[in-house]
Amino acid sequence: MKHHRLERNGVIPSDSLWKKAKFGEDTIIGNLDTGVWPESKSFSDDGIGPIPSRWRGSCQRGIDVRFRCNRKLIGAKYFNRGYEAYLGKKLNATFKTVRDLEGHGSHTLSTAGGNFVNGASVFGYGNGTAKGGSPKARVAAYKVCWPPVNGNQCFDADILAAFDAAISDGVDVLSVSLGGEPAEFFEDGIAIGAFHAVKKGISVVLSGGNSGPAPGTVSNLSPWMFTVGASTLDREFTSYVELGNKIRLKGASLAAATLKSKTSYPLISADRAKAANASAVDAILCQPGSLDPTKVKGKILVCLRGINARTDKGKQALLAGAVGMILANDEKSGNEVIADPHLLPATHLNFTDGVTVFAYINSTKKPTAYLTPVKTQLDAKPAPFMASFSSRGPNTVDPAILKPDITAPGVSIIAAFSESVGPTEDESDTRRIPFTSQSGTSMSCPHVSGIVSLLKSLHPEWSPAAIRSAIMTTARTRDNTVNPMLDSDGNKATPFSYGAGHMRPNRAMDPGLIYDLTIDDYLNYLCARGYNQTTIQLFSNKPYVCPKSYNIADLNYPSITVPELNGTTIITRKVKNVGTPGTYKAHVRSPVGVTVTVHPSTLKFTKIGEEKKFEVRLKPSRKKVDAEGGVGYVFGVLRWCDGYHYVRSPLVVKRK
C-alpha cells in the first residue's frame, strides 16, 4: 500500500481582481490534508451567503460533537480505512474526527480560502488582516492524514476515497499539500485521483515537495496536475545577532521570548558542548541527548541546521539550559532563513553569516553575543528567491514535462492554526495561538489554489488546463530588484526551480492566449507512454482507443521541454485567443547552443475562442554549451506578444 507525506517545510491579487471575482464566493475549494479547526475565525461565515444549492457534501462530526460546519466551512469528512488496514487493527475513537489536531490542514485551507480576519499575527508580529487567496470561497476539509507510523502518514486508499468524495460533493478546486516519491502514474494514487477530478472540470493544485535543492527531487509529476514550488516573500521577521567583536548579523525569528538582559551573553558552539556519550556531529546539530547542560547553561548556543526540526533544536537548547540559540545554515541551505516560533530567544542565520559566527567563536577565548527582539520588516530585497527546501526538476518520470509548473510564497507564511497543539507542534509547547507561521511547498500550494478559485469565478468556462496556462504564461522570472530570480545559494535560478516563474494573479485574469488540453489529450499522452487498456482503465471509465501515432512532445503544455535534442526537433503547439482580437508575434531567447525558429512567427486572431497552431523547431548549433543548473540542460523563452499581452513559455533543452 503506497503512502504519502505532508509537504510542509508578493503574490497578492489587486482589489480589482478580488472584486471582479466577487472574492471567489461562487467557488468551492476542497482541501486534502489533516483536517480543520472549525472554530478558527478564518472559517467564520460572517458576510457569507447561503450554501450553493449545487453542493452535495456533508459535515461529518464523528466523535466530536463540538464540530460544526457553517456557510463558509460547508463540508468536512475523514478517511481512515487505508490507515486502519496498514495498522492491522481497529482504530480507536480518536481517529474518528475531521478536527485538525496538528495545524497543517487549518493552515493550508485558510491560505487558500480563509475569510477576512482583522488583527491576525504571530505573537504580535506581522499584524494585519489575514485572508485567503479566495476569501469568500466556500471550503471543505477532507482529512486523509494521521499520526505517522513508520514514517507513513497518508495512504493511497484514503486519498483516493477523498478524491471520490470531493468530486461527488461538487468542489471546483482541490488543494493537495501532499506528495510521495516519484512513481509511474498508474502506480500513484494522487495522480489517478487527480485525473478523475480534472475529468470533471476540477482544478487540482499540488505541492512539488520539500526535498530540494538536489535535482530530480520534485514530485506530483503528471501533466494534468498543477505542481507548485516555494519561494520567499518580501516580508521578514528579523532578529539580529550582535557579536562581541561588534559584528551585527541579520537573522529570522518569530520567537515570543526575548533575552532578559540587554547585555551580551557567553556564546558557545554546540559541538563544544557535547555530552560525554555523544558525537560532535550530533552535538553541532543539537540532536536530542547530545548536549551537556553543564557546558550550555546560561549561554547562547549555536546549532547547525539539518536532520531534526529547526524548532526541535531550540527545544534541545532550552532543555540544556541555554538562554538563547543561533541556528546557522549548512552550505546546502544557503541564504534561505525561516522565521520559526521558537521556545526560547533564537534567530536563524544564512550560511555565510553562520560561518562568520563560527570564525568569531574560534578567534577568542570568551566569545559573547546578544540577540535583538524580533521586528517585522517589509520590502526585503531581493525577493522572491527560491527556498532551498523546494524540490527541483527535472521530472524523473517523464523528462518531457517540466515540473514544477509555477512557484509561489512558501516561506514564513502566516495562516490559521489548530489550537490543540503549540506552534512548534511539540508536546512540551503549551502555548496556544490562532495563527502561526509555517514554511514548505504545503504553504505555496494553497496560494495557487486560492488564485485558481478566483480565476474559476471570473472565467467559469475555462478548463483546468486553461487556468493553469493563464497562471503559467503570465508568471514573472525577475525579482523586486528587476534581476533574474535567484536560488537560495545566490546563483541564478532556473525553470527546474520555479517552473514558468513566480505567479502574478492580476496578469493571469487576462492572459491573452492559452494552451488548452482535453481529457482525450491526456489519454493520448498515456497511450504514447505505452499504457495498455488495463492501465488506461485506471484513468478512463470506459475503453479508450489509442491513436495510431501520437508524439509526447506535442502535448499542448504551456512549457516546452526537450530532454534529448539530437538533430532537428519539431514541437507543435496550439493557442486559443481568450482576449481581444489582435496580432501576436513570436519572440525567442534561444537556449545557449540551440537554434530556435517558430513557424509561423505571426498569429492573427479575429475573435475570442479562435485557435491557431504553430511549430517550434530546435536544433543544436555549433556553439559550445555550458549547461546550467548542474543537470546538463540549457534554458530559453518563447513569448507571444501583441503589444499588451506577453504569453511566456519556458524552453528547456538538453543536447545529446
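Residues numbered from 1 in each chain as written. Predicted model: local features only at pLDDT ≥ 70, side-chain atom pairs only at ≥ 80, totals over all residues. Heavy atoms only, no water.

For the chain, an unreviewed UniProt entry supplies the name Subtilisin-like protease and the organism Gossypium stocksii. Its UniProt record, at the heading Sequence similarities (unreviewed entry), says of the chain: "Belongs to the peptidase S8 family." (UniProt positions renumbered as here; feature names shortened; annotations may be inferred.)

Enquirer: It is not clear to me how the overall build of the chain should be interpreted in this structure. Could you clarify?
Expert: Regarding its fold elements, the chain presents 15 helices and 32 strands. For the chain, the C-alpha radius of gyration of 25 Å lies close to 26 Å, the compact-globule estimate for 656 residues. Projected onto the principal axes, the alpha-carbon positions of the chain cover approximately 75 × 65 × 50 Å. Counting only residues that meet the buried cut, the chain has 60% of its 656 residues in that class. Accessible surface for the chain amounts to roughly 25,100 Å². Of this, 51% is attributable to carbon and sulfur atoms. Measuring between centres, the 79 positive side-chain charges of the chain sit 3 Å from its 57 negative side-chain charges. (Helix = DSSP H or I, 4+ residues; strand = E, 2+ residues; numbered from the N terminus. Rg over C-alpha atoms; globule rule 2.2 N^0.38 Å. Buried < 20%, exposed > 50% of the residue type's maximum accessible area, 1.4 Å probe, protein only. Areas by Shrake-Rupley, 256 points an atom, 1.4 Å probe, with all protein chains shown as cover. Lys, Arg positive; Asp, Glu negative; His and termini not counted. Charge placed at Lys NZ, Arg CZ, Asp CG, Glu CD.)

Enquirer: Sorry, what's going on with the confidence of the model for the chain here?
Expert: In low-pLDDT segments, the atomic positions of the prediction should not be examined closely. Looking at the chain, the pLDDT average stands at 93 and 96% of residues meet or exceed 70. Scored below 50 in pLDDT, residues 1–10 shows 71 contacts in the model against residues more than four places distant or in partner chains. (pLDDT = per-residue confidence, 0-100. Contact = heavy atoms within 4.5 Å.)

Enquirer: Is there a simple way to think about a positive patch on the surface in this case?
Expert: On the surface, Arg-476, Arg-478, Lys-492, Arg-507 and Arg-589 cluster together into a positively charged patch. The residue Lys-492 is located in the loop between α11 (464–473) and α12 (495–498) in this model. (Patch = residues over 30% accessible without salt bridge, like charges linked within 9 Å, V, L, I, M, F, W, Y side chains within 5 Å. Salt bridge = Lys/Arg side-chain N within 4 Å of Asp/Glu carboxyl O.)

Enquirer: I would appreciate a short explanation of the pairing of strand β30 (residues 611–620) in the present structure.
Expert: As judged from the eight bridges shared by strand β26 (residues 569–577) and β30, these two strands associate in the antiparallel manner. Its bridge partner lying in β30, Thr-569 is registered against Leu-618. Sheet topology note: the strand β28 (residues 594–599)/β30 ladder contains six bridges and is antiparallel. Counterpart to His-599 in the pairing with β30 is Glu-615. (Pairing = 2+ DSSP bridges.)

Enquirer: Would you mind showing me how to read the state of the cysteines here?
Expert: Between two cysteines, a covalent bond joining their sulfur atoms is known as a disulfide. Here the structure, examined in full by the defined rule, presents four disulfides. Here Cys-145 connects covalently by a disulfide to Cys-154, the sulfurs 2.1 Å from one another. Between Cys-145 and Cys-154, the S-S torsion sits near 110°, and that sign places the bridge as right-handed. An identical accessibility class is assigned to Cys-145 and Cys-154; each is buried. The connectivity of the disulfides in the chain is 1-2, 3-4, 5-6, 7-8, where the numbers refer to bonded cysteines in sequence order. Left without a disulfide partner, Cys-445 is nearest to the cysteine sulfur of Cys-145, which lies 12 Å away. The class of Cys-445 is buried, set by a relative accessible area of 0%. (Disulfide = S-S within 2.5 Å.)

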